[in-house]
Amino acid sequence: MLPQLPLGISLRESACFDTFIGLGNQQTIADLKACLAGSGERYLYLWGPAGTGKSHLLQASCRAVQPGSKRVAYVPLSLVDHFTPGILSDLGELDLVCLDDIHLVCEAPAWESSLFSLFNQLWERRAGLIVSADRPPARLPVQLADLASRLEWGLSCQLNPLDDVGRVALLDESAKRRGLHLPKATARYILSHTARDATSLLELMERLDLASLAAQRSKLTIHFVKTVLEPDEV
Amino acid sequence: MDRLEGELSSQQFNTWIRPLHAIEATESIRLLAPNQFVLNWVKNNHLGQINSIINELSRTKPPSVILEIGSRLKEKKSAAPSLSESLHSQIQNRSLTLSDRSEPLPCNLNPDFTFETFVEGKSNQLARAASVQIGENPGTAYNPLFIYGGVGLGKTHLMHAVGNMILLNNPASRVVYLHSEGFVAEMVNALQHNTIEKFKTKYRSVNALLIDDVQFFGGKERSQEEFFHTFNALFESRQQIILTSDRFPKEVKGLEERLKSRFGWGLTVAVEPPDLETRVAILKTKAKQLFNVDLPNEVAFFIGKRVRSNIRELEGALRRIIANAQFTGGQLTPEFAKNALRDMLVAQDKQVTIGNIQKTVAEYFKIRTSDLLSNKRSRTIARPRQIAMALAKELTSHSLPEIGDAFGGRDHTTVLYATRKVAELREGDSRVEEDFGNLFRTLTS
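The following refers to the structure shown. (Residues numbered from 1 in each chain as written. Chains lettered and ligands numbered in written order. Predicted model: local features only at pLDDT ≥ 70, side-chain atom pairs only at ≥ 80, totals over all residues. Heavy atoms only, no water.)

1. Here's the deal with the overall build of chain A
Okay, so step 1: On a plain count of helices and strands, chain A comes out with eight helices and five strands.
Okay, so step 2: Helices (α) and strands (β) of chain A occur, in sequence order from the N terminus, as α-β-α-β-β-α-β-α-β-α-α-α-α.
Okay, so step 3: The 234 residues of chain A split such that 53% are buried.
Okay, so step 4: Of the contacts formed within chain A by residues at least 6 apart in sequence, a portion of 74% connects residues at least 24 apart. (Helix = DSSP H or I, 4+ residues; strand = E, 2+ residues; numbered from the N terminus. Buried < 20%, exposed > 50% of the residue type's maximum accessible area, 1.4 Å probe, protein only. Contact = heavy atoms within 4.5 Å.)

Structure representation (structure tokens):
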């Protein structure tokens, strides 16, 4: 059977373990891989601020499961406005469930009780559950005490933001994947002139990619990056 | 009764005194206990107290107190089953085992949850003792067993342990564990697919039915109706029923009266949050059991002192430390543990502020926060104020002058006096001890 994905949510093409810049987060990656291999914890709680790679890792986890071997689901709760809590009700039968951004559904009684049921079903069946949130379990504003204590039960892994070495590696990886050449000097220029969180950097690479296609060039010089960052000044 | 309620903690009162039925005669009061377990406990622990209250209250010659097993409602029915009753149940058992062999039930018991892996402490020894008895004599000792207490305190573990013991003693037993929500979901499913008869037969034919968190039946009338009949069928055929909940049967919200009263028919026992020594023992046992690691005492104490609310949180902390140690190859020391739990501990520190404590205490005692800061000295205000100050000293790192300031500009000596007074009261007055414990848990979990 193919991996089961609810609604039309698709996994990002590039979201796999190989493309994840793990600097500073090696232990979390090891914990995730052990969980997926069945040799580690069955339930993991990943947390960290935006741009630390939570969605990437959750999608990579789904992708890492051999197609046909297990039934998996990735559910981004950031799309909570499009879902009802009922979306969780059939997931208890799966082998691995990855719930992204669970902090977004706390304090909503119907969601909390659906999460609670799902947790119990997966736990009793010894199936895998990986959740992500923007804060540690003890600080989630969960109202249902039964759910709160269960969320605290597992191994919680903090994701650290990248440092500058990691950011350069991220830019480099993104450039390679797009067939672009990013000299070190340009990478340093980017880091000293733009927002440095991973999400902004990847958005910039997207813009550079399109601009380079239009300009029909693959080398990202400092001058070229300037024209994209501040088209009026150049 | 009121006197006793005042002198005992509400948990003690609920467990031991409330189930008693009293029958007054001219020269004696007969107290009927629902079973031997309650009888023994009341006799050993509360009879003296009961006698002295009766002595005080009666102006003439005080009546003597007789304790026996029985019930005012069902007095005609003796505790021992009549011949026809036991035959009836035997026949019913036999027909069940014959007719249901074809369809094996999933047993759902977690084999890791046994009495051996359950760490006993003051907070749970009664519940454990009762559970062991039921494991040895299912269906006859106490039925149902109702275990209640806060989240993550071991109710599910105990329940599974009984189930596992029943199976061990009699591998042919049909023991079914499920969460109350699972029962509801399965029933809804059966209604949809027109298989409700099959559903009924399935649950009415087990030898032991273990239902977790019955408070989730609240407000679900159709499920309660079905569970009511299941309960009766099992009870009448002397099959064991074990239930857990977050509170005492009578206090479960949204449950029909007839269910609440049935839940109290057998033995109701509480599990309370573990004390420090028990938390340490739990950590060491879990470390061995889950990771085959010998957790050094000083590390276990370090975690146990900081993680206080429930056992799941303790387990979460333990997982984090062991995972770090295995990944980095680091030695398990308190310093290492502190580092591994940095975020968890920071998260806790952040939560507890003086304002938070005042708000929580005021809500708990149903007074206004402004009363706590006022000059009012009536006991209904002053006692909560003292408790709030003591909590502020224990749970925050504010200095005493700062705490005094935050309580309407009081002197630091007032704070000091309050903390001493509360410490003293907690020793001598079980109600203060319970209030303090409840507030402490609310604030730290």
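From this point, things continue past the structure.
2. Notes on the sheet that holds strand β8 (residues 267–270) of chain B
All names here are of chain B.
Okay, so step 1: Read from one edge to the other, the open sheet built from five strands follows the order β5-β6-β7-β4-β8, with strand pairing classed as parallel. The open sheet is flanked by β5 (175–179) and β8, the only strands paired with a single partner. For this sheet, the mean inter-axis angle between neighbouring strands, taken without regard to orientation, is 15°.
Okay, so step 2: Strands in contact with helix α8 (residues 180–192) are β5 and β6 (208–212); relative to β5, the strand with the most contacts, it is inclined by about 95°. (Pairing = 2+ DSSP bridges. Axes fitted to C-alpha atoms, helices over the stretch in contact; angles between N-to-C directions.)

3. Observations concerning the interface of chain B and chain A
Okay, so step 1: Opposite the 27 residues of chain B that make contact, chain A presents 28 residues.
Okay, so step 2: Applying the counting rule to chain B against chain A returns four salt bridges.
Okay, so step 3: Applying the counting rule to chain B against chain A returns ten residue pairs in polar contact (both at pLDDT 80 or more).
Okay, so step 4: In terms of residue count, helix α14 (residues 311–328) of chain B provides more of the side of chain B that touches chain A than any other element does, nine residues in total.
Okay, so step 5: Grouping the constituent residues of the side of chain B that touches chain A by class yields eight nonpolar, eight polar and eleven charged. (Salt bridge = Lys/Arg side-chain N within 4 Å of Asp/Glu carboxyl O. Polar contact = N/O pair within 3.5 Å; in protein donor to acceptor, adjacent residues only side chain to side chain. Nonpolar A, V, L, I, M, F, W, Y, C, P; charged D, E, K, R; others polar.)

4. A short note on the nonpolar core
Okay, so step 1: Formed by 34 residues in total, the largest nonpolar core has its most connected members in Leu99 and Ile102 of chain A.
Okay, so step 2: Ranked by residue count, the leading element in this core is helix α3 (residues 109–125) of chain A, at six residues.
Okay, so step 3: Residues Phe183, Phe227, Phe228 and Leu259 of chain B belong to the second largest nonpolar core, which totals 28 residues. (Core = buried A, V, L, I, M, F, W, Y, C linked by side-chain atoms within 4.5 Å.)

5. Looking at the side chain of Ser123 of chain B
Residue and element names in this part refer to chain B.
Okay, so step 1: Within the fold, Ser123 resides in the loop between α5 (83–99) and α6 (125–136).
Okay, so step 2: A relative accessible area of 9% means that Ser123 is categorised as buried.
Okay, so step 3: Ignoring sequence-local partners within four residues, the contact set of Ser123 consists of Ala270, Val271, Glu272, Pro273 and Pro274.

6. What to know about helix α12 (residues 276–291) of chain B
Residue and element names in this part refer to chain B.
Okay, so step 1: Taking 1.5 Å of rise per residue, the 16 residues of α12 would be expected to cover 22 Å, and the 22 Å separating its terminal C-alpha atoms lies within 8% of that figure.
Okay, so step 2: Those residues of α12 not exposed but buried are Thr278, Arg279, Val280, Ile282, Leu283, Lys286, Ala287 and Phe291.
Okay, so step 3: On the buried face of α12, the contacting elements are α13 (297–306) and α14.
Okay, so step 4: Of the residues flanking the end of α12, it is Asn292, one or two places downstream, whose phi is positive at about 55°. (Expected span 1.5 Å × (residues − 1).)

7. Re the sheet that holds strand β3 (residues 96–100) of chain A
Residue and element names in this part refer to chain A.
Okay, so step 1: In space, the five strands of this open sheet follow the order β2-β3-β4-β1-β5, with parallel pairing throughout. Taken across any chain shown, the strands that pair with only one partner, and hence form the sheet edges, are β2 (72–76) and β5 (155–158). Going from strand to strand, the sheet's axes swing by 15° on average, the running direction of each strand aside.
Okay, so step 2: The pairing of β2 with β3 spans five bridges and is parallel. Note on β3: the bridge partner recorded for Val75 is Leu99.

8. So, the environment of Ala423 of chain B
Okay, so step 1: Note that Ala423 of chain B resides in helix α21 (residues 412–428).
Okay, so step 2: Through-space distance from the C-alpha of Ala423 of chain B to that of Ala390 of chain B is 8.3 Å; in sequence the pair is 33 residues apart.

9. Considering the packing of aromatic side chains
Okay, so step 1: Inspection of every chain in the model, using the stated rule, returns 19 aromatic pairs over all chains.
Okay, so step 2: Seen from their ring centres, Phe227 of chain B and Phe263 of chain B are 6.2 Å apart, and the 65° between their planes marks the pair as edge-to-face. With Phe227 of chain B in helix α10 (residues 221–236) and Phe263 of chain B in helix α11 (residues 257–263), the pair connects residues that are 36 residues apart, well separated along the chain.
Okay, so step 3: Take Phe227 of chain B: its relative accessible area is 0%, and that puts it in the buried class.
Okay, so step 4: Counting every residue linked through ring pairs, the aromatic cluster contains Phe146, Phe183, Phe199, Tyr203, Phe217, Phe227, Phe231, Phe235, Phe263 and Trp265 of chain B.
Okay, so step 5: Directly above the aromatic system of Phe17 of chain A lies the positively charged group of Lys33 of chain A, at a separation of 5.3 Å from the ring centroid.
Okay, so step 6: Between the NZ or CZ atom of Arg312 of chain B and the centre of the ring of Trp153 of chain A, over which it lies, the distance is 4.5 Å. (Phe/Tyr/Trp six-rings, centres within 6.5 Å; stacked < 30°, edge-to-face > 60°. Lys NZ or Arg CZ within 6 Å of the ring centre and 35° of its normal.)

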